[in-house]
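Here is how the chains run, residue by residue.
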Amino acid sequence: MIRKARKEDCPELYDLIHEIFVDMELPLLDLLDPDVLKAAVVRAMHEDVYRFSYRNGLVYEEADEILGCCFGYPGATEPIIDAALRTAFKEMRVTAPRLFPDSETFAGEWYLDSIVTKQSARGKGVAHQLLQALPTLASVAGETVIGLNCEKDNLQAKKLYEKVGFRTVSERILSGHVYDHMQWKFRETS
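Note that the structure is a prediction, hence the values are computed from the model and not measured.

What counts, and at which threshold
Sequence positions are assigned chain by chain, starting from 1 and proceeding in written order. For this predicted model, a pLDDT threshold of at least 70 governs which residues receive local features, and a threshold of 80 or more governs which side-chain atom pairs are given and counted, while totals over whole chains, interfaces and linings are taken from all residues. Calculation of side-chain values draws on the structure's entire complement of heavy atoms; hydrogens and water are dropped beforehand. Lining residues are defined by having an atom within 4 Å of a point belonging to a cavity or pocket. Those points lie on a 1 Å grid over the protein atoms alone, cavities being sets where a 1.4 Å probe fits but cannot get out and pockets being open sets with protein on both sides within 12 Å along at least five of seven lines. Grid points are joined across faces, edges and corners, and a volume is the space filled by probe spheres set on the points. In DSSP terms, a helix is any run of H or I states spanning at least four residues, a strand is any run of E spanning at least two, and both are numbered starting from the N terminus. Throughout, the ten residues Ala, Val, Leu, Ile, Met, Phe, Trp, Tyr, Cys and Pro are labelled nonpolar, Asp, Glu, Lys and Arg are labelled charged, and all others, Gly among them, are labelled polar. What a helix is expected to span follows from its residue count: subtract one and scale by 1.5 Å. Only protein chains enter the accessibility calculation, which uses a 1.4 Å probe. A residue is then buried if its area is under 20% of the maximum for its type, exposed if over 50%, and partly exposed in between. Between two residues, a contact is recorded if the distance between any of their heavy atoms is within 4.5 Å. By the criterion applied in these results, polar contacts are pairs of N or O atoms within 3.5 Å in which, for protein atoms, one can donate a hydrogen and the other can accept it, and in which residues neighboring in sequence qualify only through two side-chain atoms.

1. Quick notes on the layout of surface pockets
In this model, the largest pocket occupies a volume close to 1000 Å³. Residue lining of the largest pocket: 37 residues in total, with I115, V116, N154, A157 and Y161 positioned closest to the centre. Within the residue set of the lining of the largest pocket, elements represented by two or more residues are α1 (10–24), β4 (110–117), α5 (126–140), β5 (145–151) and α6 (155–164). Per-element tally for the lining of the largest pocket: the top contributor is β4, with seven residues.

If you want it as structure tokens, here you go:
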């Protein structure tokens, strides 16, 4: 079952998205104690406006177990999307650089920031079902295009995105890695 994320999910959702941070080799991982980083991100996840706010998340759940999740937001909000994390760091008296220093989105798109499936549930259609649910979130935000970044050498993910309808439109460098920026025009504008 796919449902909206809830505040009480945040610690478990952090554990899933942390895998993405590791894959991206984010510099902040080497600068902060893992428990401090988790506490700050979970604190920010409870806010209404944040890249990983529970309000921006969908969860795939079976038998009360979260098997996957995704987070996204309107690309126009990118300049303010991480303010909640900066506030959490400040309140915790932690000095830290930005978690995501690079611009990731294009104007006029709803941006899929993150999608991840538990290791034990990979290959079972969880990510595909989460992707299929995204147009609803994008439509609520008034967008007809969904964008994402897929690491160049992640051919399995790229194949899944293409199956849903995403197409490569450009290239991005994020944290020193080369990504294809892909978009899915799921509904034509009138």
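2. Here we look at empty space enclosed by the protein
Under the counting rule described, the total for this entry stands at one cavity of 30 Å³ or more. Of the pockets and cavities examined, the largest cavity occupies roughly 30 Å³. A class-by-class count of the residues in the lining of the largest cavity yields four nonpolar, one polar and two charged.

3. With respect to helix α3 (residues 34–45)
In this model, α3 (12 residues) spans 16 Å end to end at C-alpha, consistent with the 16 Å of a helix rising 1.5 Å per residue. What α3 keeps buried is the set L37, A40, V41, V42, A44 and M45. Where α3 is buried, its residues touch α1, α2 (28–31), β3 (65–74) and α4 (83–91). The residue sitting at the N-terminus of α3 and contributing the capping side-chain oxygen is D33; that oxygen lies 2.9 Å from the backbone nitrogen of D35.

4. Considering the environment of G68
Tracing the chain through its elements places G68 in strand β3. G68 has contacts with L16, L58, V59, Y60, V116, T117, V126 and L130, leaving out every residue within four places of it along the chain.

On their own, these measurements won't tell you what the molecule is for.
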